Amino acid sequence: MLIYNHQFEFVGIDKKDLTMLGFSSLEELQTQCDDFADLFVKKPSYIYNFKNFKWILYILNSNSEHSKAIISAKDRAFAVDLRVDIIYLADNPKEEGYTITLRNLHQVD
């Protein structure tokens, strides 16, 4: 699970997904990217870190039941289905934050 705040800033990841992607700590992941979405591969029909539109908003507002991404981490590629849920964080309780569940995260060739 990924956590983004109301400003669409990446603020956390759960240990299971971090380990699955081959990182030993959040600090190690942060040496690879500032925003987790920077690991998304730009490929037709897949979610990536769009330049002019927040990818989280795209998922929330699309009519598609499936939001898929390819993640490139530590010279390996992973396929994943993304699910976005709205949460509220203590640092700004009136604004929406987001959790992104990495469903069916698995390595691909």
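Right above here is the structure, for reference.
A.B. asks: Got a sec to walk through the pairing of strand β5 (residues 96-108)? Specific residues and values, please.
C.D. replies: Judged from the three bridges that link them, strand β1 (residues 2-4) and β5 form a sheet pairing that is antiparallel. Across the sheet, Leu-2 pairs through a bridge with Ile-100, a residue of β5. Two strands pair when backbone bridges link them, and strand β4 (residues 76-88) and β5 are joined in this way by 11 bridges, in the antiparallel orientation. Within the sheet, the bridge partner assigned to Leu-82 lies in β5 and is Leu-102.

A.B. asks: I'd like a description of the pattern of salt bridges, backed by residues and values.
C.D. replies: Counting across every chain of the model gives four salt bridges. One salt bridge in this structure joins Asp-81 and Lys-68, with 2.8 Å as the shortest N-O distance. One end of the pair, Asp-81, is in strand β4; the other, Lys-68, is in strand β3 (residues 68-73), and 13 residues separate them in sequence. Judged by relative accessible area, which is 36%, Lys-68 ranks as partly exposed. A salt bridge links Asp-85 to Arg-83; the shortest N-O distance between them is 3.2 Å. Owing to a relative accessible area of 25%, Asp-85 belongs among the partly exposed residues under this scheme.

A.B. asks: An account of the packing of aromatic side chains is requested, with residue identities and associated values reported.
C.D. replies: All chains considered together, the criterion is met by eight aromatic pairs. When the centroid spacing of 5.2 Å and the interplanar angle of 15 degrees are considered together, the rings of Phe-8 and Tyr-98 count as stacked. Separated by 90 residues along the polypeptide, Phe-8 in the loop between β1 and β2 (10-13) and Tyr-98 in strand β5 bring together distant segments of the chain. Accessibility assignment for this pair places Phe-8 and Tyr-98 in one class, buried. Note on Tyr-48 and Phe-50: the rings are 4.5 Å apart at their centroids and 70 degrees apart in plane angle, and the pair reads as edge-to-face. Linked through ring pairs, Tyr-4, Phe-10, Phe-36, Phe-40 and Trp-55 together constitute an aromatic cluster.

A.B. asks: Hey, could you go over the pairing of β3 for me, with residue numbers and the actual values?
C.D. replies: Bridge analysis of β3 against β4 gives six bridges, and the strand direction is antiparallel. Across the sheet, Ser-72 pairs through a bridge with Ala-77, a residue of β4. As consecutive antiparallel partners, β3 and β4 are separated by two residues, and within that stretch Lys-74 has a phi angle of approximately 55 degrees, a positive value.

A.B. asks: Talk me through the nonpolar core; I want residue IDs and the actual numbers.
C.D. replies: Counting 30 residues, the largest nonpolar core has Tyr-4, Phe-36, Trp-55, Ile-71, Leu-82 and Ile-100 as its most contacted members. Listed by contribution, the elements that provide at least two residues to this core are β1, β2, α3 (55-61), β3, β4 and β5. Setting aside chain neighbours within four positions, we find Trp-55 in contact with Tyr-4, Ala-37, Phe-40, Ile-47, Tyr-48, Asn-49, Phe-50, Leu-82 and Ile-100.

Reading guide: rules and limits
Residues numbered from 1 in each chain as written. Predicted model: local features only at pLDDT ≥ 70, side-chain atom pairs only at ≥ 80, totals over all residues. Heavy atoms only, no water. Pairing = 2+ DSSP bridges. Helix = DSSP H or I, 4+ residues; strand = E, 2+ residues; numbered from the N terminus. Salt bridge = Lys/Arg side-chain N within 4 Å of Asp/Glu carboxyl O. Buried < 20%, exposed > 50% of the residue type's maximum accessible area, 1.4 Å probe, protein only. Phe/Tyr/Trp six-rings, centres within 6.5 Å; stacked < 30°, edge-to-face > 60°. Core = buried A, V, L, I, M, F, W, Y, C linked by side-chain atoms within 4.5 Å. Contact = heavy atoms within 4.5 Å.

Purely spatial values, then, with no claim about function.
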